[in-house]
Amino acid sequence: MREIVLDTETTGLSPQDGHRLVELGCIELFNHMATGKFFHTYLDPERDMPDGAQKIHGLSAEFLSGKPKFADKADEFLEFIGEDPLVIHNANFDMGFINAELARIGRPALPMARAIDTLDIARRRFPGAQNNLDALCRRFNVDNSGRTKHGALLDSELLAEVYLELMGGRQPGLVLQAEIDAARANGTEPVRSQARPRPEPLPPRLTAAEREAHEAFVGDLRGETLWAASKP
């Protein structure tokens, strides 16, 4: 099963207030495991960068000036995500911004039904607890020491690890099954080890002296035993 973990950075909190995307990061999962394939781009928002937003992600208007506009990257982005489920932390936020950008260039919206919201999953599993990405990384011992500021690609990588834990962690056979499915997807059949019978049975570990000692011990037992009664 292919899934896409997705994160965005923006100029603010609401596209209805004129805020825009400034970064898109996606990584590909196959059976919940990262494949190494990713999509990442910075975007020119065609507007100023509020100080509050810059403090969160560190992206200045000067840095983003001259970067591709969303319209320039839309086809590449849509091709990468395909028709597969989108794993997003607080999906309403990111999907709202993506669909606002798609509407701006006359493209159809992505249906919310495609989104797997890890924030909702975390809230159901840990009601009343902190469930932002940093808190979940701490809960699951995911190393987020490199996350000094928000970044769409880094946050997608962290979210992929958190998502795996939310779905039950590294269950026995999960990695092996992913490798088998990946091999089949490439048109090959995984090599399976075959247990071969021994040409000759292994010799008994008991020596003749040990067997005789055991028989003598049984014979000395007082009273009739189950195994003694069964002998002719």
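Provided above is the structure to which this section pertains.
Residues numbered from 1 in each chain as written. Predicted model: local features only at pLDDT ≥ 70, side-chain atom pairs only at ≥ 80, totals over all residues. Heavy atoms only, no water.

Chemist: How should I be thinking about the sheet that holds strand β3 (residues 33–42) in this particular structure?
Modeler: Backbone-to-backbone hydrogen bonds pair the strands of a sheet. The strands run either parallel or antiparallel. Spatially, β3-β2-β1-β4-β5 is the arrangement adopted by the five strands of the open sheet, whose pairing is mixed. Of all strands in the sheet, those with a lone pairing partner are β3 and β5 (115–117), marking the two edges. Going from strand to strand, the sheet's axes swing by 25° on average, the running direction of each strand aside. Where strand β1 (residues 2–10) and strand β4 (residues 86–88) come together, two bridges link them in parallel fashion. Across the sheet, Val5 pairs through a bridge with Val87, a residue of β4. On top of the sheet, helix α3 (residues 70–81) reaches β1, β2 (21–30), β3 and β4; it is set at about 15° to β2, its chief contact. (Pairing = 2+ DSSP bridges. Helix = DSSP H or I, 4+ residues; strand = E, 2+ residues; numbered from the N terminus. Axes fitted to C-alpha atoms, helices over the stretch in contact; angles between N-to-C directions. Contact = heavy atoms within 4.5 Å.)

Chemist: Teacher, can you tell me more about the pairing of β2 here?
Modeler: Along any regular strand, the residues point their side chains to alternate faces of the sheet. The buried fraction of β2 amounts to nine of the ten residues, a majority that puts the element mostly inside the structure. Bridge count for β1 against β2 is nine bridges, and the pairing is antiparallel. Paired with Thr8 across the bridge in β2 is Leu24. Sheet topology note: the β2/β3 ladder contains seven bridges and is antiparallel. Each residue of the ladder has a partner; that of Phe30, found in β3, is Met33. (Buried < 20%, exposed > 50% of the residue type's maximum accessible area, 1.4 Å probe, protein only.)

Chemist: For this particular structure, what's the right way to read the pattern of salt bridges?
Modeler: Pairing is possible between side chains of opposite charge, provided their charged atoms come close. Going through the model one piece at a time under the given rule, you end up with eight salt bridges. Measuring nitrogen to oxygen at the nearest pair gives 2.9 Å for the salt bridge that ties Asp48 to Arg47. Residue classification places Asp48 among the partly exposed positions, given a relative accessible area of 48%. Notably, a salt bridge pairs Glu101 with Arg104, separated by 3.2 Å at the nearest N-O pair. In this pair, Glu101 and Arg104 are both assigned in helix α4 (residues 91–104), three residues apart and thus about one turn of the helix distant. Beyond isolated ion pairs, a larger network of salt bridges with shared partners links Arg20, Glu46, Glu101 and Arg104. (Salt bridge = Lys/Arg side-chain N within 4 Å of Asp/Glu carboxyl O.)

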